[in-house]
Amino acid sequence: MSTFNVKVVKIDNILPHPNADRLEIAKIMGFDVIVAKQKFKKGDLAAYIPEASIVPDHVASEIGVLGKLDGKKKNRVKIVALRGVYSQGLLYPISKIDENSGIINISKNNTSNMKEVTLDEDVSDFLEIEKYRVEVPPMFEGDVFPIDVMERISFDIENIKNYPEIIQEGEEVVFTEKLHGTFTHVVYLPPAYISREKINYPDAFQSEKGIVMVSSKQQSHNGFMFKKEGKNSERNVYLKAVIDNDLINKLPISFMDHKYPVIILGETFGPHIQDLNYGIYKGESKGFRVFSIYTKEDGLRFKPINSDNLDIILNDIELNRVPVLYRGKFNKEVMDKFTNGKETISGKELHIREGIVITPLIERYDSRINLGRVILKNINIEYLTRKGGTEFN
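This section reports on the structure supplied with the text. This structure is a prediction, so every number in the text was calculated from the model and none was measured. Along every chain, residues carry numbers that run from 1 in the direction the sequence is written. Under the rules for a predicted model, residues below a pLDDT of 70 receive no local features and side-chain atom pairs below 80 are neither given nor counted, while totals for whole chains, interfaces and linings still include all residues. In computing side-chain properties, one takes all heavy atoms of the structure into account and sets aside hydrogens as well as water.

Thoughts on the sheet that holds strand β10 (residues 95–98)
- The strand order across the open sheet built from 3 strands is β10-β11-β12, with neighbouring strands paired in antiparallel fashion. Strands with a single pairing partner mark the edges of an open sheet, and in this sheet they are β10 and β12 (111–118). Neighbour to neighbour, the strand axes of the sheet diverge by 25 degrees on average, direction disregarded.
- Here, strands pair whenever DSSP counts at least two bridges between them. Only DSSP runs of H or I covering at least 4 residues are called helices, and only runs of E covering at least 2 are called strands; the numbering of each starts at the N terminus. Pairing analysis gives 8 bridges linking strand β11 (residues 101–108) to β12, with the strands arranged antiparallel. Axes, fitted as lines to C-alpha atoms, cover a helix only where it is in contact. Angles between the N-to-C directions of the axes lie from 0 to 180 degrees.

Below, the structure written as structure tokens:
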């Protein structure tokens, strides 16, 4: 789940549609958007409305898609194939003032409202566009307790199409398979830290080897962990991930002597979590794969462990990493090759691959990315357009 916004963008190029005389392909960052012929030209400004947006009727009417979108209310943007070419969102016109600014106009209830906007500005509030959200099943919920802000991180993986210049051609990278499960945020507190900070979390998993806590993406972002005993605790998929994978005993093997908290980020997957089960069936333990570990050596900032060291640590504590698909120099052709295809978890290619996660071989940061760390995703277009897909988080 990457950052949601409706940004003012500059159209990079307009190409002819190969199968439709009245349509064209607008190129925006790394996205293709199908538009009416001569509606836009190269260099125009527009508001880019991404996939998974909920569009109000007055906006849909302005761009000619009222009643033509997805969902029960016909107001949700999905990636669609239009005459054989995928369209990855919508464009809302902006009257250009200069190369970096323009006027956006909205009409609602016979009233017109205008606003001057600049390149890269988020206009989602002005257009009243929201991100589509689904109702979360009970097994993703439970009673929670708060933890200190210094014992957790905020995490997101942005789409490389939004940041096409961040990773350079020829840079050494690692591609891992992006799994379609649920983000699992595990915190391990070593004994030295517990003693020094006088920590007491009775609702967490505790032993003489330390404290283990677990949460979902949203709950951890809000500063909460799930209680080991409480509402839905027996069904909670995150608590089950800790128990089934024996994290209470495995994490101290490598981290018991640390002075500060350790963050383990992974994906829990299997039946009833999402629509893709990776060969795990009802009654079997859910799968769990680690994709990042953060440590805080200086006591100030959590930093991710580099790929090679991550492999060594996971081997020592007998936890599995998300599949590594590629190590080598980055280029777009290689990226597209590994983004597509089938999943590799089951070893049987049972269903579509969600996509890949791309990280530099040596971890680095870039201020252009929301949370700084260079970690980006590229999603398989066939995954995005599959039927009956679920997106629980």
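Details of empty space enclosed by the protein
- Method remark: on a 1 Å grid restricted to protein atoms, a set of points is classed as a cavity if a 1.4 Å probe fits but cannot get out and as a pocket if it is open with protein on both sides within 12 Å along at least five of seven lines; lining residues have an atom within 4 Å of a point. Grid points are joined across faces, edges and corners, and a volume is the space filled by probe spheres set on the points. Summed over all chains, the structure comprises 1 cavity of 30 Å³ or more.
- Put simply, the largest cavity is a space of about 150 Å³.
- Around the largest cavity sit 19 residues that line it, and F291, S292, R321, T359 and R373 are the ones nearest its centre.

A few points about the environment of K250
- On the secondary structure map, K250 appears in helix α6 (residues 247–255).
- For the pair K250 and E318, spaced 68 residues apart in sequence, the C-alpha separation works out to 7.3 Å.
- When checking whether two residues touch, look at their non-hydrogen atoms; a contact exists if any pair is within 4.5 Å. Those residues in contact with K250 that lie beyond four places of it in its chain are N245, I317, E318 and L319.

Considering the pattern of salt bridges
- When a carboxyl oxygen of Asp or Glu is within 4 Å of a side-chain nitrogen of Lys or Arg, the pair counts as a salt bridge. Enumeration according to the criterion identifies 20 salt bridges in this entry.
- Between R76 and D70 there is a salt bridge, with its nearest N and O atoms 3.4 Å apart.
- R76 sits in the buried class, given a relative accessible area of 18%.
- Relative accessibility under 20% of the residue-type maximum defines a buried residue, over 50% an exposed one, and the middle range a partly exposed one, all with a 1.4 Å probe and only protein chains included. What makes D70 partly exposed here is its relative accessible area of 32%.
- The shortest N-O distance in the salt bridge between R327 and D311 comes to 2.5 Å. A residue pair is termed long-range when its members are at least 10 positions apart, and R327 in strand β24 (residues 324–329) and D311 in helix α7 (residues 307–317) qualify at 16 residues.
- Taking the relative accessible area as the measure of exposure, D311 reaches 28% and is therefore partly exposed.

A few points about the side chain of S53
- Counting through the fold element by element, S53 comes out in strand β6 (residues 53–54).
- Think of a polar contact as two N or O atoms within 3.5 Å of one another; within protein, one of them needs to be a possible hydrogen donor and the other a possible acceptor, and neighboring residues in sequence only count if both atoms come from side chains. Reaching out from S53, the side chain makes a polar contact with the backbone oxygen of P50 at a distance of 2.7 Å.
- If near-sequence neighbours (up to four positions away) are discounted, S53 is found in contact with F4, N75, R76, V77, I129 and E130.

What about the layout of surface pockets?
- The volume enclosed by the second largest pocket comes to roughly 660 Å³.
- Taken together, 25 residues make up the lining of the second largest pocket; nearest its centre are G30, K161, K332, M335 and D336.
- Of all the secondary-structure elements, those providing two or more residues to the lining of the second largest pocket are β4 (31–36), β8 (85–87), α8 (332–339) and β26 (376–379).
- Looking at the lining of the second largest pocket element by element, the count peaks at 4 residues for α8.
- Each residue gets one of three labels, nonpolar for Ala, Val, Leu, Ile, Met, Phe, Trp, Tyr, Cys and Pro, charged for Asp, Glu, Lys and Arg, and polar for the others, Gly among them. Split by residue class, the lining of the second largest pocket holds 11 nonpolar, 7 polar and 7 charged.

So, the pairing of strand β3 (residues 23–28)
- The pairing of strand β2 (residues 13–16) with β3 spans 4 bridges and is classified as antiparallel. When the bridges of β3 are listed, I14 appears paired with A26.
- Here β2 folds back onto β3, and the loop between the two strands holds 6 residues.
- When β3 meets β4, the two strands line up antiparallel, connected through 6 bridges. Within the sheet, the bridge partner assigned to E24 lies in β4 and is V35.
- Counting the residues in the hairpin turn of β3 and β4 gives 2 residues, including M29, whose phi is positive at 55 degrees.

Some words on the packing of α6 against α7
- Viewed as axis vectors pointing N to C, α6 and α7 meet at an angle of 130 degrees, and their least axial separation amounts to 8 Å. One way to sum up the angle between α6 and α7 is to call them oblique. When the axes of α6 and α7 are compared, the crossing they make is right-handed. Counting all contacts with α6, which are made through K250, L251, I253, S254 and F255, the residues of α7 involved are I313, D316 and I317.
- Across the contact of α6 with α7, the residue classes break down as 5 nonpolar, 1 polar and 2 charged. Should an angle fall under 35 degrees it is taken as roughly parallel, and over 145 as roughly antiparallel, whereas 65 to 115 is taken as roughly perpendicular and any remaining angle as oblique. We call a crossing left-handed when the near helix sits turned anticlockwise from the far one by less than a right angle, and right-handed when that turn is clockwise.

Let's talk about the pairing of β11
- Relative to β11, β10 runs antiparallel, the two being bridged by 3 bridges. Across the sheet, residue D98 finds its bridge partner in β11, namely S101.
- Hairpin connection, β10 to β11: the antiparallel pair is bridged by 2 residues.
- Linking β11 to β12, which pair antiparallel, is a turn of 2 residues; within it N109 sits at a positive phi near 55 degrees.

Let's talk about the sheet that holds strand β9 (residues 90–93)
- Spatially, the 3 strands line up as an open sheet ordered β1-β5-β9, and their pairing is antiparallel. Two strands close off the open sheet at either side, each with one partner strand: β1 (7–10) and β9. Adjacent strand axes in the sheet meet at a mean angle of 45 degrees, parallel and antiparallel pairs treated alike.
- Alignment of strand β5 (residues 45–49) against β9, held across 4 bridges, turns out to be antiparallel. Within the sheet, the bridge partner assigned to A47 lies in β9 and is Y92.

Looking at the nonpolar core
- The definition of a nonpolar core used throughout is a set of buried Ala, Val, Leu, Ile, Met, Phe, Trp, Tyr and Cys residues joined through side-chain atoms within 4.5 Å. Grouped together as the largest cluster of nonpolar side chains are 33 residues, with contacts concentrated most on F155, L189, Y201, M213 and L265.
- Listed by contribution, the elements that provide at least two residues to this core are β17 (182–189), α3 (191–197), β19 (210–215), β21 (262–269) and β22 (287–295).
- Ignoring sequence-local partners within four residues, the contact set of M213 consists of F145, I147, E151, H185, V186, V187, L189, Y201, A204 and M225.
- Formed by 29 residues, the second largest nonpolar core is a distinct cluster that contains L251, V262, I293 and F392.

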